Amino acid sequence: MKLRLFKQERCCPRMGPGCLSAGLPVVCLFVVMCQTTIMAVEYDGGVVIGADSRTTTGAYIANRVTDKLTRIHNKIYCCRSGSAADTQAIAEIVAYQLGFHSIELDEPPLVETAANLFRASCYRYREELTAGILVAGWDKRKGGQVYSVPIGGMLVRQPVSVGGSGSTYIYGFMDANYKPGMNKEQCMELTAAALSLAMERDGSSGGVVRLASISEEGVERRVILGNQLPKFSTH
Amino acid sequence: MATLTAVRPAFGGFSFDNCKRNAVLEVEASKVGCSVPAARKTGTTICGVVFKDGVVLGADTRATEGMIVADKNCSKIHYISPNIYCCGAGTAADTEMTTQLISSNLELHSLSTGRLPRVATANRMLKQMLFRYQGYIGAALVLGGVDCNGPHLYSIYPHGSTDKLPYVTMGSGSLAAMAVFEDRYKPDMEEDAAKQLVRDAIAAGIFNDLGSGSNIDLCVITKSKVNYIRPHDEANKKGVRVTELEALKL
């Protein structure tokens, strides 16, 4: 499997929000990134998705209350990680394509369709894009589904998936604590706990925890503020 | 990994032919001992805040060319539509041209729909254009306005990402201005409190950032009217020259 870590250090000219130099010979250029921790879990009857809320340009936090859970359709959401511009652009294009497709069909679209639309864009423009996306939602045919479209444009369905720079810190926690057959509240607690742990350790993740659950009844959104996050460390 | 790319003649978009020439010129110039001229950038502090009845946008007025101040009183708050204005940081030409292009397209769109344009529309147009140029257009914008859905404020980055927030700052002085906002912002402020807050944020940028300076411009946008106050505060007044005789008396 190819290591794609080098992609982060591409030397294309990047402009930060108002170049920090303004006259100094050395210019610092940064891309706006959602380095992030994102997570999505399936349960019987729907999905739970969660994300942190930090967007960085280099070492500066450009937005500390970002909403990385983006609505693609009524019951299909995506979690965005990677370049903020790339993921926002892709999400808006897919939302348009899916809305058009849904009107043509006169039916709510399938989560698998949305995931394939993401995969089509992410794979075709894989050299130009930095986007890691989790597509999650509910449809009548297969119920709650989570699809992972990481950098490079792969597509795979998983019962539980994490993404972003902070995900590396919670693979172990996820493997140990996820059990098939959990209900919605258990999934919410698991996601909140996992995200808190990742935000504690990853410098590029932080802020508040945004959660959403998607089921046949609809979408329910929650925000857990910084001081209300589950605490794990005693020192 | 080997990528198969078909070679096509370039059409539209940017032509990078001059980049090789510029690189050669740079080497030649440094050999002789002179340097290439730098693009004029607005060092800048720009910011915006949403208050009870609308938005307040603020900007400093210094434009720099390398280490020299090219324009002591340039206008960084650009007109987009009667109810939408946009502050621009980054490369001066890019912000000027981008805002003018979107203003023109938005006017046509508004005539076509028969409605007052929405801030979200201007945001979409700007972000799609900037994403298309992949960050090569160095325009970092603070877009604010009032439409049928209330007051809205967006920050737009050169690569095409946007954030919708109650208060935003951009430019080299953005950290200083954000410090003021994070300390004193409250939701649903009155107009005077909001104007004072924006004035103080820009002042923080002017006095603590080398790339920002001169005066403070404000633009207050509400449902009924737009108040373009230029200058709101002459933070840096030039001293008055006196003759030697008068100086002796002082």
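- Under an unreviewed UniProt entry, the name given to chain B is Proteasome subunit beta, and the organism recorded is Oreochromis aureus.
- If you open the UniProt record of chain B and go to Subunit (unreviewed entry), you find "Component of the proteasome complex."
- As stated in UniProt under Catalytic activity (unreviewed entry), the record for chain B gives "Cleavage of peptide bonds with very broad specificity."

- An unreviewed UniProt entry lists chain A under the name Proteasome subunit beta, from Oreochromis aureus.
- The Catalytic activity (unreviewed entry) field of the UniProt record for chain A holds the comment "Cleavage of peptide bonds with very broad specificity."

### Quick word on the pattern of salt bridges
Right, so step 1: For the structure on display, the rule yields 16 salt bridges over all chains.
Right, so step 2: A:Arg64 is paired through a salt bridge with B:Glu182; the nearest N and O atoms lie 2.6 Å apart. One end of the pair, A:Arg64, is in the loop between strand S5 (60-63) and strand S6 (69-73); the other, B:Glu182, is in helix H4 (residues 174-184), on a second chain.
Right, so step 3: The class for A:Arg64 is partly exposed, based on a relative accessible area of 42%.
Right, so step 4: On the basis of relative accessibility, which here comes to 36%, the residue B:Glu182 falls in the partly exposed class.
Right, so step 5: Between B:Asp217 and B:Arg230 there is a salt bridge, with the nearest N and O atoms lying 2.8 Å from each other.

### Here's the deal with the nonpolar core
Residues and elements named next belong to chain B.
Right, so step 1: Membership of the largest hydrophobic core comes to 23 residues, with the highest contact counts inside it found for Val49, Val56, Phe181, Met189, Leu197 and Val198.
Right, so step 2: Of all the secondary structure elements, the ones that give two or more residues to this core are strand S2 (46-50), H4, helix H5 (191-208) and strand S12 (216-222).
Right, so step 3: With residues up to four places along the chain from it excluded, the contact list for leucine 197 reads Val49, Val180, Phe181, Arg184, Tyr185 and Met189.

### As for the pairing of strand S9 (residues 143-149) of chain A
All names here are of chain A.
Right, so step 1: In terms of burial, S9 is largely enclosed, as seven of its seven residues are buried.
Right, so step 2: Sheet topology places strand S8 (residues 131-139) next to S9; seven bridges connect them, and they run antiparallel. The residue bridging leucine 134 from the neighbouring strand is serine 148, located in S9.
Right, so step 3: Here S8 hands over to S9 after three residues, the two strands then running antiparallel side by side.
Right, so step 4: Where S9 and strand S10 (residues 156-157) come together, two bridges link them in antiparallel fashion. Note that in S10 the partner of tyrosine 147 across the bridge is arginine 157.

### Observations concerning the side chain of B:Ser155
Right, so step 1: Position of B:Ser155 among the secondary structure elements: in strand S9 (residues 150-156).
Right, so step 2: Sequence-distant contacts of B:Ser155, defined by excluding residues within four places in its chain, comprise B:Leu141, B:Ser161, B:Thr162, B:Asp163, B:Val168 and B:Met170.

### Points about the packing of aromatic side chains
To describe a pair of aromatic rings, you give the distance between the ring centres and the angle between the ring planes.
Right, so step 1: Within the structure shown, the criterion is met by five aromatic pairs over all chains.
Right, so step 2: Ring centres 6.2 Å apart and planes at 45 degrees place the aromatic pair A:Tyr96 and A:Phe100 in the tilted group. Taken as a pair, A:Tyr96 and A:Phe100 lie in helix H1 (residues 84-105) at a separation of four residues, close to a single helical turn.
Right, so step 3: A:Tyr96 gets classed as exposed once you look at its relative accessible area, which sits at 58%.
Right, so step 4: You can call A:Phe100 partly exposed: its relative accessible area is 46%.
Right, so step 5: The interplanar angle of 40 degrees and the centroid separation of 4.5 Å between the aromatic rings of B:Tyr167 and B:Tyr185 together place this pair among those described as tilted. Within this pair, whereas B:Tyr167 is found in strand S11 (residues 167-170), its partner B:Tyr185 is found in the loop between H4 and H5, the two being separated by 18 residues in sequence.
Right, so step 6: Given a relative accessible area of 13%, B:Tyr167 falls into the buried group.
Right, so step 7: Exposure remark for B:Tyr185: the relative accessible area of 18% places this residue in the buried category.
Right, so step 8: Among the aromatic residues, ring-to-ring pairing joins B:Tyr79, B:Tyr85 and B:Tyr228 into one connected group.
Right, so step 9: Across the ring face of B:Tyr154, the terminal group of B:Lys164 is positioned such that the distance to the ring centre comes to 5.6 Å.

Calculation rules
Residues numbered from 1 in each chain as written. Chains lettered and ligands numbered in written order. Predicted model: local features only at pLDDT ≥ 70, side-chain atom pairs only at ≥ 80, totals over all residues. Heavy atoms only, no water. UniProt positions renumbered as here; feature names shortened; annotations may be inferred. Salt bridge = Lys/Arg side-chain N within 4 Å of Asp/Glu carboxyl O. Helix = DSSP H or I, 4+ residues; strand = E, 2+ residues; numbered from the N terminus. Buried < 20%, exposed > 50% of the residue type's maximum accessible area, 1.4 Å probe, protein only. Core = buried A, V, L, I, M, F, W, Y, C linked by side-chain atoms within 4.5 Å. Contact = heavy atoms within 4.5 Å. Pairing = 2+ DSSP bridges. Phe/Tyr/Trp six-rings, centres within 6.5 Å; stacked < 30°, edge-to-face > 60°. Lys NZ or Arg CZ within 6 Å of the ring centre and 35° of its normal.

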